[in-house]
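Summary of structural features
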Amino acid sequence: MRVAAVFGLNQIVSHGFGLFLFAALVPLMRESIAITNWHIAAIGALTQLSYLAGALLLGVIGNKVCSTRLVLTTGSLTTVLLFSMSQLQSPLIITSVLVLLAASASISWGAIVEILGRHAKPERCATHLSFASSGTAWGYGLNGLLILLVVPTLGWQRSWQIAAVFGLIVVLFTWRLLTKLNRQPSTHTTSVQAMIPVSQLFSTIIRERTALFACVVSFLLGFSTMPFANWLSTYLSEMQLPATLGGYTWTIAGLTGMFAGVITGWIADRTSHATALMIIFSGFALSLIAFVYDPTQFAVLAGFGYGLMYFPVWGILAGWIRQSFSSTATMQICSICMVTFGLGGALGNLLAGFIRDATGSLALVYIIVTIAVLFMVLLTLLIMRASSSSDSKLSLTV
């Protein structure tokens, strides 16, 4: 678990700070920097495209570059960029730095998947991956602490500098860990193809049931979770609910995500990955149904369901893919999953914006989000039945 913990720290730096710290600090940064609404909109679009580009690039070149170097390089780059954010005054340069941080985050996670897939014990692979992916939730919590404890007395610049110091410490821990890991043999001995040629990557995903399921689910994840998160505060304000309700909702989401990774990963390894996915998808679906019925009473419950599902799902999916593919191929497929996630998120946000402009309300958006999550539950149920049918046929053959 020590290996997963170190990579969880990397997730705090790359995703918690690199992707989400700006959103937490931007209201305060606007007091001293001329960041307009246009800049914020452009940053949102460009960072999403950059995350997609980084994932796609990793899917193409990931089999040719050492994952150890990728983790250390992206960690070092992220640390430098985090510190630079405390010194910048130009919105255009800030936008460029955030774009680089987004690409670095996607590459970092893909490389972590490959390393954990290669060194984690097969019976604990999902636990390690889910625990590492839940590091993003810890980043949410640390961002909140920076706003509450650091910004009021030291200013928003110090928050970026503290994040950079934290990143430097994590890079040193990671370097020491990877030095030891490189001296150890892989815990997986498999005859599957070590890598998928780029020319065959998409055909492999379409042909292999597990890979196709992961990519489709990732698309639905983006389509549902991105609008849910991006429009939640606006929807609560539309319902004339207090702003503190949104704060409580996100606090519960972060706290839930901190611990959901270990628990759901353990369930995936002890039972099956499909069972773990069914639990977290069903939990989010039920919380959304309640939220759509009465946003006032069940907003915090929706935050719980979001934290239960969103943070550990990436580790569970990666662990499931790893059962059928090598660590390098898993990294390549997970990279395409991140691309489909981004495409789903872009489509979901565009649809949400269109519905808001057309109807003046976001109620229909959250109904559609709920339907998308229910569809994820249905897909998981179908894949569980298909797997059971395959196992039954295999046992009869034997």
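Heads up: the structure comes first, above all this text.
1. What to know about the overall build of the protein chain
- Scanning the protein chain from terminus to terminus reveals 15 helices and zero strands.
- Its C-alpha atoms give the protein chain a radius of gyration of 20 Å, within 12% of the compact-globule value 21 Å for 398 residues.
- The principal-axis extent of the C-alpha atoms belonging to the protein chain is close to 70 × 50 × 35 Å.
- Summed over its atoms, the accessible surface of the protein chain is roughly 17300 Å², and 69% of this surface lies on carbon and sulfur atoms.
- Of the side-chain charges in the protein chain, 18 are positive and 9 negative, and the distance between the mean point of each set is 14 Å.

2. Focus: helix 14 (residues 327–359)
- Taking 1.5 Å of rise per residue, the 33 residues of helix 14 would be expected to cover 48 Å, and the 47 Å separating its terminal C-alpha atoms lies within 8% of that figure.
- One or two steps after helix 14, the chain reaches Gly-360, where phi turns positive at roughly 75°.

3. Re the nonpolar core
- If you look at the biggest cluster of nonpolar residues, it comprises 95 residues, and the most contacted ones within it are Phe-7, Leu-221, Phe-228, Leu-277, Phe-281, Val-313 and Tyr-366.
- A per-element tally of this core places helix 13 (residues 295–322) first, with 14 residues.
- In this structure, Leu-21, Met-29, Leu-98 and Ala-163 belong to the second largest nonpolar core, which totals 27 residues.

4. Quick word on the packing of helix 9 (residues 198–207) against helix 10 (residues 209–238)
- Where helix 9 meets helix 10, the closest approach of the two axes is 5 Å, and the angle between their N-to-C directions is 95°. Comparing their axes, helix 10 and helix 9 come out roughly perpendicular. Facing Ile-205, Ile-206 and Arg-207 of helix 9, the residues of helix 10 in contact are Arg-209, Ala-211, Leu-212 and Cys-215.
- For the contact of helix 9 with helix 10, a count of residues per class yields five nonpolar, no polar and two charged.

5. A short note on the side chain of Ser-14
- If you trace the backbone, Ser-14 turns up in helix 1 (residues 2–17).
- Residue Ser-14 is classed as buried on the basis of its relative accessible area of 4%.
- Among the polar contacts made by the side chain of Ser-14, one reaches the side chain of His-15 at a distance of 2.9 Å.
- Ser-14 has contacts with Leu-19, Thr-78, Ala-105 and Ser-108, leaving out every residue within four places of it along the chain.

6. Let's talk about the packing of aromatic side chains
- One pass over the full model with this rule turns up 18 aromatic pairs.
- Summarising the aromatic geometry, the rings of Tyr-310 and Phe-311 are spaced 5.5 Å apart at their centres and angled 75° between planes, so their arrangement reads as edge-to-face. Of the two residues, Tyr-310 and Phe-311, neither departs from the other in class, the shared state being buried.
- Taken together, a centroid distance of 6.4 Å and an interplanar angle of 90° make the contact between Tyr-310 and Trp-314 edge-to-face. Linking Tyr-310 with Trp-314, this pair stays in helix 13, spanning four residues, or about one helical turn.
- With relative accessibility at 11%, the residue Tyr-310 sits in the buried group.

7. Structural notes on the side chain of Ser-159
- By the secondary structure assignment, Ser-159 is in helix 8 (residues 156–181).
- Not counting chain neighbours up to four residues away, the residues in contact with Ser-159 comprise Leu-21, Leu-25, Leu-146, Val-150 and Val-151.

8. Section: the packing of helix 2 (residues 21–29) against helix 8
- Taken N-terminus to C-terminus, the directions of helix 2 and helix 8 make an angle of 160°; their axes are 10 Å apart at the nearest point. In this view, helix 2 runs roughly antiparallel relative to helix 8, as classed from their interaxial angle. Like other packed secondary-structure pairs, helix 2 and helix 8 cross with a definite hand, here left-handed. From helix 2, Leu-21, Phe-22, Leu-25, Leu-28 and Met-29 reach across to helix 8, where they touch Trp-156, Ser-159, Trp-160 and Ala-163.
- Across the contact of helix 2 with helix 8, the residue classes break down as eight nonpolar, one polar and no charged.

9. Concerning the pattern of salt bridges
- Evaluated as defined, the whole model comprises two salt bridges.
- Between Arg-118 and Glu-114 there is a salt bridge; the shortest N-O distance is 2.8 Å. Note that Arg-118 and Glu-114 are positioned in helix 5 (residues 91–119) at a spacing of four residues, about one turn of the helix.
- Residue Arg-118 is classed as partly exposed on the basis of its relative accessible area, which comes to 22%.
- In this structure, Arg-356 and Glu-238 form a salt bridge, with 3.9 Å as the shortest nitrogen-oxygen distance. Placement of the pair is Arg-356 in helix 14 and Glu-238 in helix 10, with a sequence separation of 118 residues.

10. Focus: a positive patch on the surface
- A contiguous patch of positive charge on the surface is contributed by Arg-2, Arg-176, Lys-180 and Arg-183.
- With respect to the helices and strands, the residue Arg-2 is situated in helix 1.
- Relative accessible area serves as the criterion here: at 52%, Arg-2 is assigned to the exposed category.

The rules behind these values
Residue numbers here run from 1 along each chain, matching the order of that chain's written sequence. For this predicted model, a pLDDT threshold of at least 70 governs which residues receive local features, and a threshold of 80 or more governs which side-chain atom pairs are given and counted, while totals over whole chains, interfaces and linings are taken from all residues. Neither water nor hydrogens contribute to the side-chain values; these are computed over all heavy atoms in the structure. Secondary structure follows DSSP: runs of H or I at least 4 residues long count as helices, runs of E at least 2 residues long count as strands, and numbering of each begins at the N terminus. Both definitions apply: the radius of gyration is a C-alpha atom measure, and the globule rule equals 2.2 Å times residues to the power 0.38. With residues, only the protein chains shown are counted as cover, and all accessible areas are computed by Shrake-Rupley using a 1.4 Å probe. When charges are counted, Lys and Arg contribute as positive and Asp and Glu as negative, whereas His and the chain ends are disregarded. Positions of charges follow a simple convention, taking NZ of Lys, CZ of Arg, CG of Asp or CD of Glu. A helix is expected to reach a length of 1.5 Å times the quantity of its residues less one. As used here, the term nonpolar core means buried Ala, Val, Leu, Ile, Met, Phe, Trp, Tyr and Cys residues forming a set that is joined through side-chain atoms within 4.5 Å. Only protein chains enter the accessibility calculation, which uses a 1.4 Å probe. A residue is then buried if its area is under 20% of the maximum for its type, exposed if over 50%, and partly exposed in between. For helices, the fitted line uses only the C-alpha atoms of the stretch in contact; every axis is such a line through C-alpha atoms, and the angle between N-to-C directions lies from 0 to 180 degrees. The labels follow the angle: roughly parallel below 35 degrees, roughly antiparallel above 145, roughly perpendicular from 65 to 115, and oblique for the rest. By the convention used here, residues are in contact when the closest approach between their heavy atoms is within 4.5 Å. Residues are grouped as follows: Ala, Val, Leu, Ile, Met, Phe, Trp, Tyr, Cys and Pro are nonpolar; Asp, Glu, Lys and Arg are charged; every other residue, Gly included, is polar. What qualifies as a polar contact is a pair of N or O atoms within 3.5 Å, subject to a donor-acceptor requirement within protein and to the restriction that residues adjacent in sequence count only when both atoms come from side chains. In summary, the pairing rule links any two rings of Phe, Tyr or Trp, Trp by its six-membered ring, whose centres are within 6.5 Å, and it sorts them by plane angle into stacked for under 30 degrees, edge-to-face for over 60 and tilted for everything else. Take the far helix as your reference; a near helix turned counterclockwise from it by less than a right angle gives a left-handed crossing, and one turned clockwise gives a right-handed crossing. The salt bridge criterion pairs a side-chain nitrogen of Lys or Arg with a carboxyl oxygen of Asp or Glu, the two atoms within 4 Å. In this analysis, a patch consists of residues with relative accessible area above 30% that form no salt bridge, clustered at 9 Å for like charges and at 5 Å for the nonpolar side chains Val, Leu, Ile, Met, Phe, Trp and Tyr.

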